[in-house]
Amino acid sequence: MTAPVPDVVLREYGPAVSVPLAAAAGRALAASGALQSVTPDPAQDGHWLLRAGSRVGALRTTGGPVVRILPKTPVSRIFFLLGFSLDPERAWRDGREDTVDTGAYDDVVPALAHAVERRIDAALRQGVLQGYREVEESSLVVRGRIREADQIRRHFGRTPPVEIAYDTYTADTAENRILRGAVERLLRLPGVPGPARRRLAHQRVRLADALPLVRGQELPRWQPSRLNSRYQPALRLCEAVLRGSSPEHRPPRADPLTVDGFLFDMNQLFEDFVTVALSTALKELGLAPRPQDSQHLDTAGLVRIRPDLVVRSRDGRTPVAVIDAKYKVENGDGHHSADLYQALAYATVLGLREAHLVYAAGRLPTRFHEVRGTAVGAARGVRLYRHSVDLSGEPGQLMSALRDLAGRLARACSPA
């Protein structure tokens, strides 16, 4: 009996780890783009050096080891950031860490499986939601209305069969298909513990009347309403699972190896959290935040720039501040030259006297760089501010820090 292949444990932005891998498995991992670097180990034949970047979670190659990437940030905090981005109104109001229930798990995939199963269970507690769905089919009996154009085109006007359309009351709704799709996605992942796997399988049985999702097709669309309000927390989390960072490398048929898994990109997660939190706070202060407000750097309109957040005046016309979020660790010299150049470009295009960079960099004080040659008359030069948010802090502290920043921006934008 073949011994199980042990898991490979990497740490977010940690040192490279030498791992025994078949050449095909190493190439598949490298082609997936899931890790920061995958290269043959020059010091040891048959080994590959694996180094993780900003993505955390788990993945595996066919017949290869499960690669687990542990985050620097506590898992409960990661899911707080995710929960806030999915449902900012509730998180902003409550300020609780259990916005997404991760149970006692301290690894990303087990926590995700637990959280999704718990939310689906809460959604189905009052029974599986049913709704009306339009059905078009060929039938031997008339039901609903006859699709006359299809009847003539397909059957030259003869009956039966009859091309009909009708509304049916069914559990095969967009909402249930999304829940089922997320369950089946999680059941395919490596690293889902037995108890969570059994509960997910039970939820799949409860959702059996919903058709499975088709790989590669867009997710079914649903509209928030009073009828599906109990489903909405589960739907938001399930859509995040289905739209999330899921590396699936499927090489040519000659190479049977595949890479599958689920990874959170901490860069994107932090950017989403900062953008949503600041937007929520700035709206309360009477300003008009515009996430991903696209601009052109050049007069010809050939070079596009996209700041994470442009803050505009109440009427939405005049830009008054620009913010960019950076999930980075401070360099040894404490500077990020490329980020400062980018922020200066944003300020220049928008005609602003300052720009703001928000880092996940611990408890560092706010600093600024005044750009030489940008002073006009008695006015000071353009200032590039660097703020930091401590992700190891409690949720209330995170939100308080971003509220303070929003207040500072609002005061700076107020007329003297």
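None of the values given here were measured: they were computed from a predicted structure. (Residues numbered from 1 in each chain as written. Predicted model: local features only at pLDDT ≥ 70, side-chain atom pairs only at ≥ 80, totals over all residues. Heavy atoms only, no water.)

Participant: Just checking my understanding: could you explain the overall build of the protein for this structure?
Facilitator: The helix and strand tally for the protein stands at 11 helices and 18 strands. Put simply, the protein has 416 residues, and 49% of those count as buried. Of the contacts made within the protein by residues no fewer than 6 positions apart, 64% connect residues no fewer than 24 positions apart. By element, 51% of the accessible surface of the protein is carried by carbon and sulfur atoms, the whole surface being about 21,200 Å². (Helix = DSSP H or I, 4+ residues; strand = E, 2+ residues; numbered from the N terminus. Buried < 20%, exposed > 50% of the residue type's maximum accessible area, 1.4 Å probe, protein only. Contact = heavy atoms within 4.5 Å. Areas by Shrake-Rupley, 256 points an atom, 1.4 Å probe, with all protein chains shown as cover.)

Participant: How do you make sense of a nonpolar patch on the surface when you look at a structure like this?
Facilitator: Together, L297, L302 and V303 line one region of the surface with nonpolar side chains, adding up to about 300 Å² of accessible area. Judged by relative accessible area, L302 falls into the exposed class, the value being 70%. (Patch = residues over 30% accessible without salt bridge, like charges linked within 9 Å, V, L, I, M, F, W, Y side chains within 5 Å. Salt bridge = Lys/Arg side-chain N within 4 Å of Asp/Glu carboxyl O.)

Participant: Help me understand the pairing of strand β14 (residues 309–312), please; the structure alone is not making it clear to me.
Facilitator: Remember that side chains alternate between the two faces of the sheet whenever the strand is regular. Covered by surrounding structure in β14 are L309 and V311 together with V310 and R312, the residues of both alternating faces. Of the pairings in the sheet, the one linking strand β11 (residues 288–291) to β14 comprises four bridges and is antiparallel in character. Looking at β14, one finds that R290 is bridged to V310. Between the end of β14 and the start of strand β15 (residues 319–326), which pair antiparallel, lie six residues, with G316 showing a positive phi angle near 80°. (Pairing = 2+ DSSP bridges.)

Participant: It is not clear to me how the side chain of H47 should be interpreted in this structure. Could you clarify?
Facilitator: In this structure, H47 sits in strand β4 (residues 47–51). Relative accessible area serves as the criterion here: at 17%, H47 is assigned to the buried category. When residues no more than four places from it in sequence are discounted, the contact partners of H47 are S18, V19, P20, L21, P40 and D41.

Participant: Can you help me understand the sheet that holds strand β6 (residues 66–70) in this one?
Facilitator: Strands in a sheet are paired, the pairing made by backbone hydrogen bonds, and the direction either parallel or antiparallel. In space, the four strands of this open sheet follow the order β1-β6-β5-β10, with mixed pairing throughout. Here the strands that pair on one side only, and so sit at the sheet edges, are β1 (8–11) and β10 (259–265). Going across the sheet, the axis of each strand differs from the next one's by a mean of 10°, ignoring polarity. Both strand β5 (residues 55–61) and β10 contribute to a ladder of seven bridges, which runs antiparallel. (Axes fitted to C-alpha atoms, helices over the stretch in contact; angles between N-to-C directions.)

Participant: What am I meant to see in helix α6 (residues 174–187) here?
Facilitator: Since the α-helix advances by 3.6 residues per turn, residues separated by three or four positions end up pointing in the same direction. Between its first and last C-alpha atoms α6 spans 20 Å; for 14 residues at 1.5 Å apiece the expected length is 20 Å, and the two agree. With 13 of 14 residues buried, α6 is to be regarded as a mostly interior element. (Expected span 1.5 Å × (residues − 1).)

Participant: Honestly, the packing of aromatic side chains in this entry has me stumped. Any pointers?
Facilitator: Each aromatic ring pair is summarised here by two numbers: the centre-to-centre distance and the angle between the ring planes. Under the counting rule described, the total for this entry stands at seven aromatic pairs. Measuring from centroid to centroid gives 5.2 Å for F262 and F264, while their planes differ by 90°, and the two rings are edge-to-face. In this pair, the class of F262 matches that of F264, namely buried. Put simply, the rings of F79, F262 and F264 pair up and form one aromatic cluster. In this arrangement the basic side chain of R408 is found over the ring face of Y385, its NZ or CZ atom lying 4.3 Å from the centre. (Phe/Tyr/Trp six-rings, centres within 6.5 Å; stacked < 30°, edge-to-face > 60°. Lys NZ or Arg CZ within 6 Å of the ring centre and 35° of its normal.)

Participant: Can you walk me through helix α4 (residues 108–123) in this structure?
Facilitator: Here α4 is 16 residues long and its end C-alpha atoms lie 22 Å apart, about the 22 Å a rise of 1.5 Å per residue gives. Within α4, 14 of the 16 residues are buried, leaving the element largely enclosed by the surrounding structure.

Participant: Sorry if this is basic, but what is going on with the sheet that holds β14 here?
Facilitator: Pairing is mixed across the open sheet formed by six strands, whose spatial order is β11-β14-β15-β16-β18-β17. Of all strands in the sheet, those bounded by a partner on one side alone are β11 and β17 (367–370). Taken pair by pair, the neighbouring strands of this sheet meet at an average axis angle of 20°, ignoring direction. Pairing analysis gives six bridges linking strand β16 (residues 354–359) to strand β18 (residues 383–388), with the strands arranged parallel. Its bridge partner being in β18, L357 is matched across the sheet by R386. Here helix α10 (residues 337–350) sits on the sheet and contacts β14, β15, β16, β17 and β18; the angle it forms with β15, its principal contact strand, is near 160°.

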